[in-house]
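This is what each chain is made of:
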2 protein chains.
Amino acid sequence: MTDTANETLSVVVEREIPHAPEKIWRALTQPHLIEEWLMKTDFQPRLGHRFSLRGEWGGVLDCEVLAIEPNRTLSYTWNFAHDDPAFDLKSVVTFTLTPKGAGTHLRMEQAGFRPEQTQAIGGARHGWQQFLAKLEQVAGQGD
Amino acid sequence: MTDTANETLSVVVEREIPHAPEKIWRALTQPHLIEEWLMKTDFQPRLGHRFSLRGEWGGVLDCEVLAIEPNRTLSYTWNFAHDDPAFDLKSVVTFTLTPKGAGTHLRMEQAGFRPEQTQAIGGARHGWQQFLAKLEQVAGQGD
């Protein structure tokens, strides 16, 4: 785009997971499993559902389901309101699952960072790597 | 107090740590160590210093140093502003170190929860247990 004032950046983290998409989908959409790899939540797999993700230290994200296609795609807002523009965040997280052999290629894109939000971008990159590593463990439970 | 409208609750987590208070103090007050067990921060061990604690998922706490006595006591605000009263939090975290044998008794009190903030209280209790377990590891580095 030519209007750089509206330019945003995305963090993309991808991971090959040795479990079928159905197992990953379960970990992405069942609240008691989401809590194990991400945060406590009142998520429901329903378009337009508003929910929160709550960190144990008191922080909370405001979210809304934007797209949902079972075993393939899940997208929701990931918003954090703060007076300081360095921390204020309106972003969209999209998970895309693609079968690959006996497992799944999982792609996570968090879109909407402003270019000057370097701390938030760095934190998200590191955070999502950790989150997805835990998600892999949760998805494999019961195997 | 008689005015129950102003009643607040505290979460207290205590831990016996097999390291001298000086080592725990270092982990409580050096930003690169705080980052290892708690969150990224621009903390400085100076009365009245305002700083933030930043979660990797984009959340941020607003803090201010209220009391500081090297190797003994550190207290700071731990505030999170949110439109939803269930999440809005104005609290004070106080660490108290007491020498015990070759180690230290560490007491953490987070004061200021409203009685109806049951989710935040439960999250803090669980979160601080995890944080202090990591703090013990960080304090012991280099031994």
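That block above? That's the structure.
A brief structural summary.

**Here we look at the relation of the copies chain B and chain A**
For step 1, the next point in the chain: Superposing chain B onto chain A takes a rotation of 180 degrees plus a shift of 0.0 Å along the axis, which leaves an RMSD of 0.0 Å. The superposition of one copy onto the other is thereby described by a two-fold rotation axis. Of the C-alpha atoms belonging to chain B, the one lying closest to the rotation axis is found on B:Gly59, 2.9 Å away.
For step 2, the next point in the chain: A share of 100% of the interface residues of chain B reappears at the interface of chain A, consistent with the copies meeting face to face through the same patch.

**Some remarks on the packing of aromatic side chains**
Residue and element names in this part refer to chain A.
For step 1, the next point in the chain: For the structure on display, the rule yields 20 aromatic pairs over all chains.
For step 2, the next point in the chain: Note on tryptophan 128 and phenylalanine 131: the rings are 5.4 Å apart at their centroids and 75 degrees apart in plane angle, and the pair reads as edge-to-face. Here tryptophan 128 and its partner phenylalanine 131 are both found in helix 3 (residues 118–139), three residues apart, which amounts to about one turn of the helix. Take tryptophan 128 and phenylalanine 131: they sit in the same class, and that class is buried.
For step 3, the next point in the chain: Among the aromatic residues, ring-to-ring pairing joins Trp37, Phe43, Phe51, Tyr76, Trp78, Phe95, Trp128 and Phe131 into one connected group.

**Some words on the environment of B:Asp84**
For step 1, the next point in the chain: When you line up the elements, B:Asp84 lands in the loop between strand 5 (73–80) and strand 6 (89–100).
For step 2, the next point in the chain: Engagement of the side chain of B:Asp84 in a polar contact is seen with the backbone nitrogen of B:Ala86, the distance being 2.8 Å.

**Points about the pairing of strand 7 (residues 103–113) of chain A**
Residue and element names in this part refer to chain A.
For step 1, the next point in the chain: By the criterion of burial, strand 7 is predominantly enclosed, with eight of the eleven residues buried.
For step 2, the next point in the chain: As defined by bridge partners, strand 1 (residues 9–17) adjoins strand 7 across nine bridges and the pair is classed as antiparallel. Among the inter-strand pairings, valine 13 is bridged to a residue of strand 7, identified as methionine 108.
For step 3, the next point in the chain: In this structure, strand 6 (residues 89–100) lies alongside strand 7, joined through nine bridges in antiparallel fashion. The residue of strand 7 that forms the bridge with valine 93 is glutamine 110.
For step 4, the next point in the chain: The turn linking strand 6 back onto strand 7 is made up of two residues, and glycine 101 within it adopts a positive phi angle of 60 degrees.

**Digging into the pattern of salt bridges**
All names here are of chain A.
For step 1, the next point in the chain: In this structure the tally under the stated criterion is 14 salt bridges over all chains.
For step 2, the next point in the chain: Residue lysine 40 is joined to glutamate 35 by a salt bridge in which the shortest nitrogen-to-oxygen separation is 2.9 Å.
For step 3, the next point in the chain: A salt bridge links arginine 50 to glutamate 64; the shortest N-O distance between them is 3.4 Å. Here the residue arginine 50 occupies a position in strand 3 (residues 50–54), and glutamate 64 occupies one in strand 4 (residues 60–69), the gap between them amounting to 14 residues.
For step 4, the next point in the chain: Accessibility expressed as a relative area gives 62% for arginine 50, which makes it exposed.

**A word on the interface of chain B and chain A**
For step 1, the next point in the chain: With 22 residues of chain B at the contact, the number on the chain A side is 22 residues.
For step 2, the next point in the chain: Approximately 1900 Å² of surface area, both sides summed, lies buried where chain B meets chain A, with 63% of it carried by carbon and sulfur atoms.
For step 3, the next point in the chain: On inspection of chain B and its partner chain A, the count reaches zero salt bridges.
For step 4, the next point in the chain: Linking chain B with chain A are ten residue pairs in polar contact (both at pLDDT 80 or more), by the criterion used here.
For step 5, the next point in the chain: Mapped by element, the contributors of at least two residues to the side of chain B that touches chain A are strand 3 (50–54), strand 4 (60–69), strand 5 and helix 3 (118–139) of chain B.
For step 6, the next point in the chain: The residue inventory of the side of chain B that touches chain A, partitioned by class, reads nine nonpolar, ten polar and three charged.

**What about the environment of B:Pro31?**
Residues and elements named next belong to chain B.
For step 1, the next point in the chain: Checked against the element boundaries, proline 31 lands in helix 2 (residues 31–37).
For step 2, the next point in the chain: Given a relative accessible area of 31%, proline 31 falls into the partly exposed group.
For step 3, the next point in the chain: In this structure, the C-alpha to C-alpha distance between proline 31 and glycine 55, residues 24 residues apart in sequence, is 14 Å.
For step 4, the next point in the chain: For proline 31, the residues in contact, after removing those within four places along its chain, are Thr41 and Phe43.

**Regarding the sheet that holds strand 2 (residues 40–41) of chain B**
All names here are of chain B.
For step 1, the next point in the chain: Reading across from one edge, 1-7-6-5-4-3-2 is the order of the seven strands in this open sheet, with antiparallel pairing throughout. Lying at the two open borders of the sheet, with one neighbouring strand each, are strand 1 (9–17) and strand 2.
For step 2, the next point in the chain: Contacts between helix 1 (residues 21–29) and the sheet are confined to strand 1, strand 4, strand 5, strand 6 and strand 7 (103–113), with strand 6 contributing the most and set at about 160 degrees to the helix.
For step 3, the next point in the chain: The strands touched by helix 3 are strand 1, strand 5, strand 6 and strand 7; relative to strand 1, the strand with the most contacts, the crossing angle is about 20 degrees.

**Structural notes on unusual backbone geometry**
For step 1, the next point in the chain: Of note in this structure, A:Asn71 is not a glycine but carries a positive phi near 70 degrees.
For step 2, the next point in the chain: Looking at the secondary structure, you find A:Asn71 in the loop between strand 4 and strand 5 (73–80).

**With respect to the sheet that holds strand 2 (residues 40–41) of chain A**
Residues and elements named next belong to chain A.
For step 1, the next point in the chain: The strand order 1-7-6-5-4-3-2 describes an open sheet built from seven strands, whose pairing is antiparallel. This sheet does not close on itself; its edge strands, each paired only once, are strand 1 and strand 2.
For step 2, the next point in the chain: Sitting on the sheet, helix 1 (residues 21–29) touches strand 1, strand 4, strand 5, strand 6 and strand 7, and the angle it makes with strand 6 is about 160 degrees.

Cut-off values and rules
- Residues numbered from 1 in each chain as written.
- Chains lettered and ligands numbered in written order.
- Predicted model: local features only at pLDDT ≥ 70, side-chain atom pairs only at ≥ 80, totals over all residues.
- Heavy atoms only, no water.
- Least-squares fit on C-alpha atoms with pLDDT ≥ 70 in both.
- Contact = heavy atoms within 4.5 Å.
- Phe/Tyr/Trp six-rings, centres within 6.5 Å; stacked < 30°, edge-to-face > 60°.
- Helix = DSSP H or I, 4+ residues; strand = E, 2+ residues; numbered from the N terminus.
- Buried < 20%, exposed > 50% of the residue type's maximum accessible area, 1.4 Å probe, protein only.
- Polar contact = N/O pair within 3.5 Å; in protein donor to acceptor, adjacent residues only side chain to side chain.
- Pairing = 2+ DSSP bridges.
- Salt bridge = Lys/Arg side-chain N within 4 Å of Asp/Glu carboxyl O.
- Buried area = accessible area lost by both parts, 1.4 Å probe.
- Nonpolar A, V, L, I, M, F, W, Y, C, P; charged D, E, K, R; others polar.
- Axes fitted to C-alpha atoms, helices over the stretch in contact; angles between N-to-C directions.

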